[in-house]
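# Chain and residue survey
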Amino acid sequence: TISPTVAAMDVLFPKVGEMVGGSQREERLDVLLRRMEEQGLDQEAYKAYLDTRRCGTQKHAGFGVGFERLVLYATSMDNIRDVIPFPRWHGSAAF
């Protein structure tokens, strides 16, 4: 059976929000295949990834730290736009 919850976490910092986000990867091949079918994804395009599950795997997880948010927190700036080294905004791209 599929649990109605996910194995995930967020580390929240005051005035910053989500500093770290992490989750457990789906290791059950049958669940992956069913969800791919539901989403209309081509299994052949994900063959190498699915093979890692066919050949056996274990539960594993990972996390990521938001670098700009870390700099925002460390510098006590008020707005994340002030710490992004290469800011982007609507209409700023040349194409």
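All values reported here derive from a predicted model rather than from experimental measurement.

In spatial order, the strands read 1-2-3; together these three strands make up an open sheet with antiparallel pairing. Each edge of the open sheet is held by one strand with a lone partner, namely strand 1 (8-13) and strand 3 (61-65). For this sheet, the mean angle separating the axes of adjacent strands, direction not counted, is 15 degrees. Of the strands in this sheet, strand 1, strand 2 (17-24) and strand 3 touch helix 3 (residues 67-75), which is tilted by about 145 degrees from strand 2.

So, on to the packing of aromatic side chains. Two numbers describe a pair of aromatic rings. These are the distance of the centres and the angle of the planes. The tally for this structure, following the rule as stated, stands at one aromatic pair. Here the aromatic rings of Phe13 and Tyr73 are separated by 4.7 Å at their centres, their planes lie at 80 degrees, and the arrangement is edge-to-face. Taken together, the residues span a long stretch of sequence, with Phe13 in strand 1 and Tyr73 in helix 3 at a distance of 60 residues. When its relative accessible area of 43% is taken as the criterion, Tyr73 is described as partly exposed.

Okay, the environment of Ala93 next. Tracing the backbone through its elements, the reader meets Ala93 in the segment after helix 3. Taking the C-alpha atoms as reference points, Ala93 and Arg53, 40 residues apart in sequence, are found 40 Å from one another.

The tally for this structure, following the rule as stated, stands at four salt bridges. Between Glu38 and Arg35 there is a salt bridge, with the nearest N and O atoms lying 2.6 Å from each other. With Glu38 and Arg35 both in helix 1 (residues 29-39) and three residues apart, the pair spans about one turn of that helix. Using a relative accessible area of 49% as the deciding quantity, one classes Glu38 as partly exposed. Residue classification places Arg35 among the partly exposed positions, given a relative accessible area of 42%. Between Asp51 and Arg54 there is a salt bridge, with the nearest N and O atoms lying 2.9 Å from each other. Note that Asp51 and Arg54 are positioned in helix 2 (residues 47-54) at a spacing of three residues, about one turn of the helix. For Arg54, a relative accessible area of 43% gives the class partly exposed.

Both strand 1 and strand 2 contribute to a ladder of six bridges, which runs antiparallel. Its bridge partner being in strand 2, Ala8 is matched across the sheet by Ser23. In sequence, strand 1 turns back onto strand 2 through a hairpin of three residues, with Lys15 there showing a positive phi of about 65 degrees.

Looking now at the side chain of Arg53. By the element assignment, Arg53 lies in helix 2. When neighbours within four sequence positions are excluded, Arg53 is seen to be in contact with Arg25, Glu26, Glu27, Leu29, Leu32 and His60.

Calculation criteria
Residues numbered from 1 in each chain as written. Predicted model: local features only at pLDDT ≥ 70, side-chain atom pairs only at ≥ 80, totals over all residues. Heavy atoms only, no water. Pairing = 2+ DSSP bridges. Helix = DSSP H or I, 4+ residues; strand = E, 2+ residues; numbered from the N terminus. Axes fitted to C-alpha atoms, helices over the stretch in contact; angles between N-to-C directions. Contact = heavy atoms within 4.5 Å. Phe/Tyr/Trp six-rings, centres within 6.5 Å; stacked < 30°, edge-to-face > 60°. Buried < 20%, exposed > 50% of the residue type's maximum accessible area, 1.4 Å probe, protein only. Salt bridge = Lys/Arg side-chain N within 4 Å of Asp/Glu carboxyl O.

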